[in-house]
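Chain by chain, the residues run as shown.
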Amino acid sequence: MNHPLVEHKLTVLRDKNTPSSTFRELVSELVMLEAYEATRNLSVVAAPIETPVAPMTGKKLASPRPIIVPVLRAGLGMLDGMTRLIPTAEVGFLGMKRDEEHPTQQVTYANRLPEDLSGRQCFLIDPMLATGGTLVAATHYLAERGAKDVTAINIIAAPEGIKYVEEHIDPSIDFKVVVCAVDERLNDKCYIVPGLGDAGDRLYGVID
């Protein structure tokens, strides 16, 4: 995204001296700005109503409702911003973590999703698109349940992760990704540079 508010908030977010309380609020604000763009193609249907002046036909979100899927645990920090913008959406949860010995491979440890996602517009939220492995695995996980329309919302991304996603996402999925910024690279530990550190730790504290 190219917007002065995004650039300002992202700069404060990256600062290592920004406290967790401010970090959480900035994540929520950034996600709302991203979600405005990410939801541009939400399905709508005609909705006849009467205003205080005259009848008219407006638009409302179509059924089935869209579903927001945060990737645990860092994705939870983005959920509030998404549900503020789409309060009628359903929420699912997907727990995935990177296999530290094989950074593009993922371990799924939690799942709270409908068995059938056919016809649903799905929004995957996770602050970081680093290696791309989690995003590809999560998208395919949704596709196995029938999802064909998946939009990923990430705050920052690495070029290596974007390339991996481009090469490995199933082309039959209508897939889009929205990010605030694409950073320089991944380091030898597969962390984004300059990045913002470990998003989960900065949101919720360090858990050994």
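Preceding this paragraph is the structure being described.
Quick look at the structure, then. These numbers were taken from a predicted model, which means no experiment stands behind them. (Residues numbered from 1 in each chain as written. Predicted model: local features only at pLDDT ≥ 70, side-chain atom pairs only at ≥ 80, totals over all residues. Heavy atoms only, no water.)

With respect to the pairing of strand β9 (residues 149-157)
Applicable threshold: Throughout this description, buried means an accessible area under 20% of the type-specific maximum (1.4 Å probe, protein chains only), exposed means over 50%, and partly exposed covers the range between. Runs of H or I in DSSP of at least four residues are treated as helices and runs of E of at least two as strands, each being numbered from the N terminus. Two strands make a pair as long as DSSP finds a minimum of two bridges between them.
Of all 9 residues in β9, 9 are buried, a share of seventy percent or more. Pairing analysis gives 5 bridges linking strand β7 (residues 121-125) to β9, with the strands arranged parallel. By the bridge assignment for β9, Ile125 is matched with Ile153. Two strands pair when backbone bridges link them, and strand β8 (residues 128-129) and β9 are joined in this way by 2 bridges, in the parallel orientation.

A short note on the packing of helix α1 (residues 4-14) against helix α2 (residues 20-38)
For clarity, the threshold we go by: Here an axis means a line fitted to C-alpha atoms, over the contact stretch when the element is a helix, while the angle between two N-to-C directions is reported on a 0 to 180 degree scale. Should an angle fall under 35 degrees it is taken as roughly parallel, and over 145 as roughly antiparallel, whereas 65 to 115 is taken as roughly perpendicular and any remaining angle as oblique. By convention, the crossing between two helices is left-handed when the near helix turns anticlockwise from the far helix through less than a right angle, and right-handed when the turn is clockwise. In what follows, residue pairs with any heavy atoms lying within 4.5 Å of each other are defined as contacts. Classification convention: Asp, Glu, Lys, Arg as charged; Ala, Val, Leu, Ile, Met, Phe, Trp, Tyr, Cys, Pro as nonpolar; all other residues, Gly among them, as polar.
α2 packs onto α1 with a crossing angle of 155 degrees between their chain directions and a minimal axis gap of 10 Å. As far as their axial angle goes, α2 and α1 are roughly antiparallel. For α1 against α2, the interelement crossing comes out left-handed. Two secondary-structure elements touch here, α1 through Leu5, Val6, Lys9, Leu10, Val12 and Leu13 and α2 through Phe23, Leu26, Val27, Glu29, Leu30 and Leu33. Residues belonging to the contact of α1 with α2 are distributed by class as follows: 10 nonpolar, no polar and 2 charged.

Topic: helix α5 (residues 159-168)
Here is the rule: To obtain the arc, one takes the directions from the helix axis to the C-beta atoms.
Three or more residues of α5 are buried, namely Gly161, Tyr164 and Val165. Looking straight down α5, one finds that the buried residues subtend no more than 100 degrees of arc, so they occupy a single side. For α5, the exposed residues lying more than 90 degrees away from the buried face are Glu166 and Glu167.

Notes on the side chain of Thr39
To keep things clear, this is the line we draw: We define a polar contact as two N or O atoms separated by no more than 3.5 Å, with the added condition that, inside protein, one atom must be a possible hydrogen donor and the other a possible acceptor, whereas residues neighbouring each other in sequence contribute only through side-chain atom pairs.
Tracing the backbone shows Thr39 in the loop between α2 and β1 (44-50). At a separation of 2.7 Å, a polar atom in the side chain of Thr39 contacts the main-chain carbonyl oxygen of Ala35. Beyond its immediate stretch of four places on either side in the chain, Thr39 contacts Leu85, Ile86 and Phe123.

Details of empty space enclosed by the protein
For the record, the criterion: Using protein atoms alone on a 1 Å grid, points that fit a 1.4 Å probe yet trap it form a cavity, whereas open point sets bounded by protein on both sides within 12 Å along at least five of seven lines form a pocket; residues with an atom within 4 Å of a point count as lining. Grid points are joined across faces, edges and corners, and a volume is the space filled by probe spheres set on the points.
One pass over the full model with this rule turns up 2 cavities of 30 Å³ or more. Here the largest cavity defines a volume of roughly 60 Å³. Ala38, Thr39, Asn41, Leu42, Gln121, Cys122, Phe123, Asp149, Thr151 and Lys176 together form the lining of the largest cavity. Among the elements that make up the lining of the largest cavity, the one with the highest residue count is β7 (3 residues). Of the residues assigned to the lining of the largest cavity, the class counts are 4 nonpolar, 4 polar and 2 charged. Volume-wise, the second largest cavity comes out at about 40 Å³. Forming the boundary of the second largest cavity are Val71, Leu124, Ile125, Asp126, Thr134, Leu135, Ala152, Ile153 and Asn154. Mapped by element, the contributors of at least two residues to the lining of the second largest cavity are β7, α4 (133-143) and β9. For the lining of the second largest cavity, a count of residues per class yields 6 nonpolar, 2 polar and 1 charged.

A short note on the packing of aromatic side chains
Spelled out, the test is: Here a Phe, Tyr or Trp ring, Trp counted by its six-membered ring, pairs with any other such ring whose centre lies within 6.5 Å, and the pair is stacked when the planes are under 30 degrees apart, edge-to-face when over 60, and tilted otherwise. Note on criteria: charge over ring means Lys NZ or Arg CZ within 6 Å of the ring centre, with the direction from the centre no more than 35 degrees off the ring normal.
Taken as a whole and judged by the stated rule, the model has 0 aromatic pairs. The ring of Tyr141 is capped by Arg145, whose NZ or CZ atom sits 4.1 Å from the centre of that ring.

Limitation: the analysis is restricted to geometry and does not speak to function.
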